[in-house]
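Residue-level structural notes
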Amino acid sequence: NTMWSLKKEASKSSKPELRITSGKGLEDLSVPLDQILKGVVESNKVVAFIKGTRMEPACGFSYQVVSELTKLDVDFEIVNVLDEMYNPGVRDAIKEMSDWPTLPQLYVKGEFVGGCDIVAEMAENGQLKELVEN
């Protein structure tokens, strides 16, 4: 039933994004941002750092990563790197952590997987499904 699967996708898509801070700024953190980010990727099986939200990605690359993960029907977390209130400094900090210059970035089981091109290639050849399911 097509209607059911669309509703299922919509309900999954409405899951809120992760917030790295309480919204009071980096000076309010008691732990360095890089340690917090490391904790986020280690404590969540699948995390995508994107521009925008799950429901409204702010660029085509972020949209593609969210779409590929949604197609796999896997539980995943989103961190909106453009949200400077709750995720201040994350846009640059995640690039430093991964030593990867672009966004979006996908982490699975605490390991950096890659950006949009790598995710798309892995989705096409079945490696992404295998990685997130095992």
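Here we summarise the structure given alongside this text. Source: prediction; values computed, not measured.

1. A word on a negative patch on the surface
A contiguous patch of negative charge, built from Asp34, Glu84, Asp92 and Glu96, is present on the exposed surface. When you line up the elements, Asp92 lands in helix H4 (residues 90–98).

2. Observations regarding the pairing of strand E3 (residues 105–108)
Alternating residues of E3 divide into Gln105 and Tyr107 and Leu106 and Val108, and every residue in both groups is buried. Relative to strand E4 (residues 111–114), E3 is paired through three bridges, and the arrangement is antiparallel. Opposite Val108, over in E4, you have Glu111 as the bridge partner. The loop that links E3 with its antiparallel partner E4 comprises two residues; one of these, Lys109, has a positive phi angle of about 55 degrees.

3. Some words on the packing of aromatic side chains
What the rule picks out here adds up to three aromatic pairs. Ring centres 5.7 Å apart and planes at 75 degrees place the aromatic pair Phe49 and Tyr107 in the edge-to-face group. Highlighted residues: Phe49 in strand E1 (residues 46–50) and Tyr107 in strand E3, separated in sequence by 58 residues. We classify Phe49 as buried; its relative accessible area is 0%. Residue classification places Tyr107 among the buried residues on the basis of a relative accessible area of 3%. Look at Trp100 and Phe112: their rings are 5.5 Å apart centre to centre, the planes differ by 55 degrees, and that puts the pair in the tilted class. Linking Trp100 in the loop between H4 and E3 with Phe112 in strand E4, this pair joins segments that are 12 residues apart in sequence. Put simply, the rings of Phe49, Trp100, Tyr107 and Phe112 touch in pairs and so form one group of aromatic residues. Over the face of the ring belonging to Tyr86 we find Arg19, whose NZ or CZ atom lies 3.7 Å from the ring centre.

4. Side note on the packing of helix H2 (residues 33–43) against H4
Close contact between H2 and H4 brings their axes to 10 Å; oriented N to C, the two are set at 70 degrees. By the angle class used here, H2 and H4 are roughly perpendicular. For the pair H2 and H4, the contacting residues are Leu33, Asp34, Leu37, Lys38 and Val41 in the first and Val90, Ala93, Ile94 and Met97 in the second. Here the residues of the contact of H2 with H4 are counted per class, giving seven nonpolar, no polar and two charged.

5. Quick look at the environment of Ile94
When you line up the elements, Ile94 lands in helix H4. In this structure Ile94 comes out as buried when scored by relative accessible area, which is 0%. Spatially, the C-alpha atom of Ile94 lies 15 Å from that of Val46, the residues being 48 residues apart in sequence. When residues no more than four places from it in sequence are discounted, the contact partners of Ile94 are Leu37, Phe49, Leu103, Gln105 and Tyr107.

6. Considering the sheet that holds E3
What the four strands build is an open sheet, ordered E2-E1-E3-E4; its pairing is mixed. With partners counted over all chains shown, the strands left at the sheet margins are strand E2 (77–80) and E4, one partner each. Mean inter-strand twist for the sheet, computed between neighbouring axes without regard to direction, equals 25 degrees. Strand direction decides the pairing type here: E1 and E3, joined by four bridges, are antiparallel. The residue of E3 that forms the bridge with Val46 is Val108. Relative to the sheet, helix H3 (residues 60–71) contacts E1, E2 and E3, its axis offset from that of E1 by approximately 160 degrees.

Here is what the cut-offs are and how they apply
- Residues numbered from 1 in each chain as written.
- Predicted model: local features only at pLDDT ≥ 70, side-chain atom pairs only at ≥ 80, totals over all residues.
- Heavy atoms only, no water.
- Patch = residues over 30% accessible without salt bridge, like charges linked within 9 Å, V, L, I, M, F, W, Y side chains within 5 Å.
- Areas by Shrake-Rupley, 256 points an atom, 1.4 Å probe, with all protein chains shown as cover.
- Salt bridge = Lys/Arg side-chain N within 4 Å of Asp/Glu carboxyl O.
- Lys, Arg positive; Asp, Glu negative; His and termini not counted.
- Charge placed at Lys NZ, Arg CZ, Asp CG, Glu CD.
- Helix = DSSP H or I, 4+ residues; strand = E, 2+ residues; numbered from the N terminus.
- Buried < 20%, exposed > 50% of the residue type's maximum accessible area, 1.4 Å probe, protein only.
- Pairing = 2+ DSSP bridges.
- Phe/Tyr/Trp six-rings, centres within 6.5 Å; stacked < 30°, edge-to-face > 60°.
- Lys NZ or Arg CZ within 6 Å of the ring centre and 35° of its normal.
- Axes fitted to C-alpha atoms, helices over the stretch in contact; angles between N-to-C directions.
- Parallel < 35°, antiparallel > 145°, perpendicular 65-115°, else oblique.
- Contact = heavy atoms within 4.5 Å.
- Nonpolar A, V, L, I, M, F, W, Y, C, P; charged D, E, K, R; others polar.

Any link to function would need more than the numbers given here.
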